[in-house]
Amino acid sequence: MIEYDGAIYVPGADLWLDARRVKDFSFVSHAHTDHSARHRRVLATPQTLALLEHRRGKTETVPARYGQPVTLNNHQVTLFPAGHILGSAQILIEGEQRLVYTGDFKLGAGFCAQPAQVKPCDTLVMECTFGLPQYVFPPKEQTMERLVNFIQKSLLEGRIPVVLGYTLGKGQEALKIVGDAGYEAIVYESIYQIAKIYEKLGVTFGRYEKYSGHGVEGKVVVAPTNMRRDQLRTDLGRFSTVYLTGWAMDSDRKFARGANLVLPMSDHADFNELVEYVQQANPRKIYTVHGFPQFAAHLKDLGFDAEHLPQGQLSLF
Ligand SMILES: [Zn+2]
């Protein structure tokens, strides 16, 4: 039902899934750049299409809302929430069998994304970014409490608290969290622009403004992860940074990007959620992508027929 040459192709529906090289027609699960290219035609949710246009420019689109089937050849294709970032979708393709491709996903309630659903299927192609047992995240409430403590402590010490997150997704989540915690936010341009798109698409935030070089005292700054510390020093003076990432579970801090504090908060499923997903979907065949090959081995130990698809390697089946 699928072919794989470093990207996944469903011949029956004549559709690529999250192809990273330019194709005639691809499903794009969400607007992170590692899941798309400038395809000639894109199937995605309206939210993803709006974000993609901002990031990659206009293209021919086939919008599909969650739960509203589209017919491609003689296959029925339905997008449903993935819980990852705004607009993120999984795809169910029904032909001679039921195929689900998850894209990036997270179970449970996110801050800006509709909660993921799980659909029973015959074949499951799933991401497994955090597919090692060490990546089990603590409860969200606990992490939120640590974040608020960090903000309060920084402000008391006369430092500007800076929350670092990816430009699309985590940046807006950080903005949402800061607002929900009752703080005003100052947001750097790239995250700000996307927050404005989020607002147009129905997400609400607390009080925030774009960084303009002044008025940061007593507020919380939200900045992209690639922001240099010396730039922050020039802009803000005394500051301390917190980085929200699932990689916080790594003790060697190699993903910490020099942040003063790293908190485990991710828009991906953790190890337990990945296993839970598989148990609920109960597929006959599983292909894992985007993550540790050991996860497929773990699924085999649990009695599932699982195989890892290494990215970029040629194999066809
Ligand atoms: Zn993603």
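Because the structure is predicted, anything quoted here is derived from the model rather than measured.

Quick notes on the rules
Residues numbered from 1 in each chain as written. Predicted model: local features only at pLDDT ≥ 70, side-chain atom pairs only at ≥ 80, totals over all residues. Heavy atoms only, no water. pLDDT = per-residue confidence, 0-100. Contact = heavy atoms within 4.5 Å. Pairing = 2+ DSSP bridges. Helix = DSSP H or I, 4+ residues; strand = E, 2+ residues; numbered from the N terminus. Right-handed = clockwise from strand over helix to strand, strands pointing away. Axes fitted to C-alpha atoms, helices over the stretch in contact; angles between N-to-C directions. Donors = N, O, S within 2.8 Å, 3.2 Å for Na, K, Ca; no water. Tetrahedral: all angles 85-135°; square planar, octahedral: opposite > 155°, others 65-115°. Buried < 20%, exposed > 50% of the residue type's maximum accessible area, 1.4 Å probe, protein only.

Draft legend 1. Main features of the confidence of the model for the protein chain. Per-residue confidence for the protein chain gives a mean pLDDT of 93, with 97% of residues at or over 70. Below a pLDDT of 50 lies the segment residues 312-317, which in the model reaches 15 contacts outside its immediate sequence neighbourhood of four places, other chains included.

Draft legend 2. View of the pairing of strand β6 (residues 60-63). Bridge analysis of strand β5 (residues 41-44) against β6 gives 4 bridges, and the strand direction is parallel. By the bridge assignment, Val42 is partnered in β6 with Thr61. Once the chain exits β5 it traverses helix α1 (residues 46-56) before rejoining the sheet at β6, and the crossover so formed is right-handed.

Draft legend 3. The arrangement of the sheet that holds strand β16 (residues 239-244) in detail. With parallel pairing, the 6 strands of this open sheet are ordered in space as β14-β13-β15-β12-β16-β17. Strand pairing shows two members of the sheet lacking a second neighbour, β14 (208-210) and β17 (261-263), which therefore form its edges. The average undirected angle you get between the axes of adjacent strands in this sheet is 25 degrees. Pairing geometry for strand β13 (residues 185-187) and strand β15 (residues 220-224), over 3 bridges, is parallel.

Draft legend 4. Here's a closer look at the coordination of the zinc ion. The coordination sphere of the zinc ion contains the protein donors His30 (NE2), His32 (ND1), His84 (NE2) and Asp104 (OD), at a distance range of 2.1 to 2.3 Å. One way to put it: the 4 donor atoms around the zinc ion meet at angles of 92 to 166 degrees, and that makes the site irregular. Each donor residue of the zinc ion lies on one chain, and together they are spaced H-x1-H-x51-H-x19-D. On the criterion of sequence distance, the pair formed by His84 in the loop between β8 (75-81) and β9 (89-94) and Asp104 in the loop between β10 (98-101) and β11 (123-128) is long-range, its members being 20 residues apart. Neither His84 nor Asp104 differs from the other in exposure class; each is buried.

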